[in-house]
Amino acid sequence: MDNQGIFKSWVPNWAAISILFICLLHSMILLGVYSSNVTYAASFLDIEAEDLQFAMSVTYGTLLATILIESRFSSFFPTKNYLMAVFSLLALTIVFSAYVSNFFFFLFLRIFEGILMALPVITIRQLLIERFESKNAIIIGFTFYYGSLLLATPFIMNIAVWFLDHYDWKYMLYVSGMLHVLNVFLIMLTFKGHRITKKIPLYQINWTSYFLVLTSILSGAYFFVYAEKKYWFDSSQLVTALIVCMITGGLFMFKELSVKRPSFNFDVWKYANLRIGFLLFFLFYISRATLGLCHSAMFSIWNWDPSRVAGVQYINGFGNVIGLALSAFFLAKAISAKYIFMIGFSLLAVFHFWFTFLFVPDVALSDIWIPYVLQGIGVGLLFVPLILFTTSSVPNKMAVSSGIVGVAGRFWGSTIGFCIMQNAITFLNKKHFLKWSQYVTPESNKTQETIAALSQGFISKGYSVDDAHTLALKKIFGSVSKQATLLSNMEIFTVVGYCLLILIVFIGLNQHLKHTFNLFKTRVWIS
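Keep in mind that what you see is a predicted model, and the values were worked out from it rather than measured.

Trainee: Is there a simple way to explain the overall build of the protein in this structure?
Mentor: Counting its regular elements, the protein contains 21 helices and 0 strands. Taken over 527 residues, the protein has a buried fraction of 55%. When contacts within the protein are restricted to residue pairs at least 6 apart in sequence, long-range pairs at least 24 apart make up 85% of them. Here the protein displays about 23,300 Å² of accessible surface, and carbon together with sulfur accounts for 67% of that area.

Trainee: In this structure, what is going on with the nonpolar core? I would like to understand it.
Mentor: Generally speaking, nonpolar side chains in soluble globular proteins are found buried as a group. Core analysis: the biggest nonpolar cluster contains 78 residues, and F7, F54, F87, F191 and F264 have the highest contact counts within it. If you tally residues by element for this core, the top one is helix α12 (residues 207-225), at 10 residues. Setting aside anything within four residues of it in sequence, one finds F7 in contact with A16, I19, L20, R131, T190, F191 and K192.

Trainee: Sorry, what's going on with the pattern of salt bridges here?
Mentor: Opposite charge on two side chains permits them to pair, given that their charged atoms come into close proximity. Taken as a whole, this structure holds 1 salt bridge when the rule is applied. When the shortest N-O distance is used, the salt bridge between R110 and E113 registers 2.7 Å. Separated by 3 residues within a single helix, R110 and E113 lie in helix α7 (residues 103-118), roughly one turn from each other. A relative accessible area of 2% means that E113 is categorised as buried.

Trainee: What exactly am I supposed to notice about helix α14 (residues 272-288) here?
Mentor: Owing to its 3.6 residues per turn, the α-helix aligns residues three or four sequence positions apart on the same side. Under the 1.5 Å per step criterion, the end-to-end length of α14 is 24 Å for 17 residues, consistent within 8% with the ideal 24 Å. When we look at burial in α14, the residues that qualify are A272, L274, I276, G277, L280, F281, F282, F284, Y285, I286 and S287.

Trainee: Just checking my understanding: could you explain the packing of helix α1 (residues 13-24) against helix α8 (residues 121-129) for this structure?
Mentor: A pair of packed helices is characterised by two quantities: the angle between their axes and the separation of those axes. Put simply, α1 and α8 touch, their axes get as near as 10 Å, and they point 155 degrees apart. With respect to α8, the element α1 is oriented roughly antiparallel. Note that α1 runs across α8; the crossing there is left-handed. On α8, the residues touching I17, L20, F21, C23 and L24 of α1 are V121, I124, R125, L127 and L128. Grouping the constituent residues of the contact of α1 with α8 by class yields 9 nonpolar, no polar and 1 charged.

Trainee: Would you explain the packing of helix α4 (residues 49-66) against α7 in this entry?
Mentor: Running from N to C, α4 and α7 point in directions that differ by 30 degrees, and their axes come no closer than 7 Å. For the pair α4 and α7, the crossing hand works out as right-handed. Residue-level contacts link D51, L52, F54, A55, M56, V58, T59, T62, L63 and T66 of α4 to F103, F106, L107, R110, I111, G114, I115, M117 and A118 of α7. Across the contact of α4 with α7, the residue classes tally to 13 nonpolar, 4 polar and 2 charged.

Trainee: Would you mind showing me how to read the packing of aromatic side chains here?
Mentor: Two measures describe an aromatic ring pair: the distance that separates the ring centres and the angle between the ring planes. Per the counting criterion, the structure on display carries 27 aromatic pairs. With a centroid separation of 6.3 Å and an interplanar angle of 75 degrees, the aromatic rings of F224 and W412 are classed as edge-to-face. One end of the pair, F224, is in helix α12; the other, W412, is in helix α19 (residues 399-437), and 188 residues separate them in sequence. According to the relative accessible area criterion, F224 is partly exposed, its value standing at 21%. A cation over a ring is seen here: K230 above Y226, with NZ or CZ 5.7 Å from the ring centre.

Rules used throughout
- Residues numbered from 1 in each chain as written.
- Predicted model: local features only at pLDDT ≥ 70, side-chain atom pairs only at ≥ 80, totals over all residues.
- Heavy atoms only, no water.
- Helix = DSSP H or I, 4+ residues; strand = E, 2+ residues; numbered from the N terminus.
- Buried < 20%, exposed > 50% of the residue type's maximum accessible area, 1.4 Å probe, protein only.
- Contact = heavy atoms within 4.5 Å.
- Areas by Shrake-Rupley, 256 points an atom, 1.4 Å probe, with all protein chains shown as cover.
- Core = buried A, V, L, I, M, F, W, Y, C linked by side-chain atoms within 4.5 Å.
- Salt bridge = Lys/Arg side-chain N within 4 Å of Asp/Glu carboxyl O.
- Expected span 1.5 Å × (residues − 1).
- Axes fitted to C-alpha atoms, helices over the stretch in contact; angles between N-to-C directions.
- Parallel < 35°, antiparallel > 145°, perpendicular 65-115°, else oblique.
- Left-handed = near helix turned anticlockwise from the far one by under 90°.
- Nonpolar A, V, L, I, M, F, W, Y, C, P; charged D, E, K, R; others polar.
- Phe/Tyr/Trp six-rings, centres within 6.5 Å; stacked < 30°, edge-to-face > 60°.
- Lys NZ or Arg CZ within 6 Å of the ring centre and 35° of its normal.

As structure tokens, then:
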């Protein structure tokens, strides 16, 4: 791709790099605007938290599938017109979603947003990479970009809290749409209109493979997201979704293996480092899913208000920045990937073991900030090296396929991580609640004394005797429920901590991680 003449002559290199980075951050907005405040977004659409998680999986899953055919579109249209059209459609779609209250129509928009989110990625990424002439410049540039994606949720969550205090939810979407209009303006102002790639006819797009893999991804995501809510295989809908996922996935593999020029090259799986990278990505995202339990405890157990929880995420974000800086330093010094991964996962293990002792009825901010920073450092330290390690593990001709593997690891790790945490917390909550509620019996003197004291307190506030007794029982069982949740969180964090220790040993003993990776081996990264 010849990008030397894509910018007008008066645009300096630093400005071109800045513009391309700004254009890439559109994905940060689309992934963060709803995940930043799940509870409010779910109430705005009158849906459950699982529904919103599925909607986010739909967007990310559609992006994953669309990467397979993105190059066909970007090669058919002139770059300037292509990017302006995509960002214009994104702006309209986001603003239009502010007026959508029907969940099924909202899902359709999320599919459309996933397609539009994927279309500019490779083009802009390649234009950006070609602007860097040294290894360190690439490291700094991609640390900044991927760091921005990593910090998207806490950054947008704090903006969301401020917006919801001063304006309606719709204004967040208006601002998000306007940021895409800014992209259109920058491209119109600085880009030339000539073609930079050879034109490839659109009829060469492998639509069959695209729809097969998209159906498989979305039905698989539906199965895992709703598994706990619909009781797994007791639901005919989930059984059907799993069957569809397996059949369409199998047909996709058969179709790709039987054609001369597949959209996805399955030969990438022959490379050990790519398989390891996919596994590490998958486990990394599962271990990240536990952070949601911390945020849930802040809301439901410690009764922190949203602005305080949003502020706490800045602490985690501060750790992310430290981790990203460390990863950039290690990469610049060509430190072996093995040591980077061992340090990063060790920090995540320390976070899980430390936080196990913080699940108590009440904690102060001073108690949690150190493990929160450590978790952020661990995530920041692992994120960019994992992406570059996975995508640099194969020859240049397989670059796009290796990038798709990286995206797949992130997608399935986050989706299945959500499923694991939902099922684990529900199962353990029931177990501990039943165990603790056995002690709340009429025969227990302590129970009767507690009920009497609580009832008297409600009576003094003007409640009738019957209402006071009901409220006292409700408060007792509420306390039991909170205690069950705390114990469940402790067990989950302990198990994840030990699993991370096992993973660290595996990394230390693995012979394929002896050397670092070549940043210039693969010039196209889409992970």
